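Chains, contacts and geometry: an overview
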Amino acid sequence: MSILLFVLACAKVPPTGHGPAFDELRSALAREGVELVPTVVVADLPAPALPPLKAATQIEERLRIGEEHLGEPTVLDPALPEHAAFLRNDYVGAVRFGGGLIRTGETALEVRARLIEFSAQQELREQGTAWLESTVSGLLTRARVPTVQPSGGAPAFAAPAVLRKPIRGMNELDGRDNLNLPRVAIEPAAAPADSGGARWVLVPYLRGYVMHNGGWFLGHEWGCPGGARVEALVVLYDRRTGQPAWWQAATGRHLEEMKAQPSRAQMDQFLLWAEDQVEAELQAGFLK
């Protein structure tokens, strides 16, 4: 046990903030205002290609003997946008697991649910983007930072794709977390410098907004009960330099113990609780 605790203590964890504290920028922001752009969904941005999934190995075939009555496992194809978003943990929508588990992988055999169904992407996209934009707008108001409208002649601010940083080692939530392994943190990239429009631009990125029943996300041996997960990244850009002046990452996660098949109303409540956690983290970054 002591060895495991040592390993977990040494595991890499992503930072949640970068740059000077928001409070150090407050006077400039209050004086000049901030342009708040509409929520950007990370799955819509360019991302590194995922390697194609290879055919089942002989050991995988042996593990599946006697399971023919459960049907063929869902094939996750990285060439399909919704599958790639799910595998990267950039997915927005509902996930339904079924059929027990299988093991798959080249270097190691990783557990995942046998059957995986995706739904409600558009509905939850509209809900999640509206929620995050409203949350960030409210935090700006509480911080006494005015929002400014885009200048009529200035080009719209193009939010850049995020940077992805692998998180090495183990995490205390490995085994039953509600995201796919390996863990990858996202960070802001630089944007082109621009002399037009408002100097300060705030970009809310919605990475994940997921409700799900009980099952196995990729790589978690014990699986998880029904729940929800919300991940966001809020970036303040200095338009003149194109550099991120400040950013804050936030994650909300709820798993309802002993609830494998929650109702739609229950899953919506799980999302609300996950939203609350994200709002609290963002508030701590904005108002400290």
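Residues numbered from 1 in each chain as written. Predicted model: local features only at pLDDT ≥ 70, side-chain atom pairs only at ≥ 80, totals over all residues. Heavy atoms only, no water.

1. Focus on the overall build of the protein chain
Heads up, the rule is: The helix count covers DSSP runs of H or I at least four residues long, the strand count covers runs of E at least two residues long, and both are numbered beginning at the N terminus. Between buried and exposed lies partly exposed: a residue is buried under 20% and exposed over 50% of the maximum accessible area for its type, with that area taken using a 1.4 Å probe on protein chains only. Every residue pair with non-hydrogen atoms within 4.5 Å of one another is taken to be in contact. We get accessible surface area from the Shrake-Rupley algorithm with a probe of 1.4 Å; when it comes to residues, only the shown protein chains can shield them.
Assigned secondary structure in the protein chain consists of six helices and 10 strands. By residue count, 44% of the 288 residues in the protein chain fall in the buried class. For the protein chain, long-range pairs separated by at least 24 residues make up 78% of all intrachain contacts whose partners lie at least 6 apart in sequence. For the protein chain, the computed accessible surface area is about 14,600 Å², with 57% contributed by carbon and sulfur atoms.

2. Comments concerning helix H6 (residues 264-287)
As a reminder, the rule being used: Every helix has an expected span of 1.5 Å times one less than the residues it contains.
With 24 residues, H6 should cover 34 Å at 1.5 Å per step; its first-to-last C-alpha distance of 34 Å lies within 8% of that length. All of the buried residues in H6 are Met267, Phe270, Leu271, Ala274, Glu275, Val278, Leu282, Gly285 and Phe286. Tucked into the core, H6 has its buried residues touching helix H2 (22-32), helix H5 (121-142), strand E8 (200-212), strand E9 (227-238) and strand E10 (243-255).

3. Notes on the pairing of E9
What counts is decided by this rule: At least two DSSP bridges between two strands are required for those strands to pair.
Burial within E9 is extensive, with 12 of its 12 residues counted as buried. What you see with E9 is no split at all: Gly227, Arg229, Glu231, Leu233, Val235 and Tyr237 on one side and Ala228, Val230, Ala232, Val234, Leu236 and Asp238 on the other are buried throughout. Pairing geometry for E8 and E9, over 12 bridges, is antiparallel. Counted as the bridge partner of Leu202 is Leu236 from E9. Pairing geometry for E9 and E10, over 12 bridges, is antiparallel. Across the sheet, the residue bridging to Asp238 is Gln243, located in E10. Where E9 hands over to E10, the hairpin turn is made up of four residues, of which Gly242 adopts a positive phi near 80°.

4. Considering the environment of Asn180
Stated precisely, the cut-off is as follows: Pairing of N or O atoms within 3.5 Å defines a polar contact, subject to two protein rules: one partner must be a possible hydrogen donor and the other a possible acceptor, and residues neighboring in sequence count only if both atoms are side-chain atoms.
Here Asn180 shows up in the loop between strand E6 (163-166) and strand E7 (184-187). Judged by its relative accessible area of 0%, Asn180 falls in the buried class. When the C-alpha atoms of Asn180 and Phe86 are compared, they prove to be 7.9 Å apart, with 94 residues separating the residues in sequence. Setting aside residues no more than four positions away along its own chain, Asn180 makes contact with Phe86, Leu87, Asn89, Phe217 and Leu218. Within the structure, Asn180 has its side chain in polar contact with the backbone oxygen of Phe86 (distance 2.7 Å).

5. Description of the nonpolar core
Heads up, the rule is: For this analysis, a nonpolar core means a set of buried residues of the types Ala, Val, Leu, Ile, Met, Phe, Trp, Tyr and Cys, connected via side-chain atoms within 4.5 Å.
Of all hydrophobic cores here, the largest spans 36 residues; its most connected members are Phe22, Leu29, Leu202, Tyr209, Leu236 and Phe286. Beyond its immediate sequence surroundings of up to four residues, Leu29 is in contact with Phe22, Val34, Val145, Pro146, Trp200 and Leu236.

6. Brief notes about the environment of Cys224
Its place among the elements puts Cys224 in the loop between E8 and E9. With a relative accessible area of 7%, Cys224 lands in the buried category. In sequence terms Cys224 and Leu255 are 31 residues apart; their C-alpha atoms lie 7.3 Å from each other. With residues near it in sequence (within four places) discarded, Cys224 still touches Arg176, Asp177, Asn178, His212, Gly214, Gly215, Phe217 and Leu255.

7. Observations concerning unusual backbone geometry
Along the chain, Leu181 connects to Pro182 via a cis peptide bond; the corresponding omega equals 5°. The residue Pro182 is located in the loop between E6 and E7 in this model. Backbone geometry places Asn89, a non-glycine residue, at a positive phi of 65°. Relative to the helices and strands, Asn89 resides in the loop between helix H4 (81-88) and strand E4 (92-104). Taking relative accessible area as the criterion, Asn89 reaches 12% and is therefore assigned buried.

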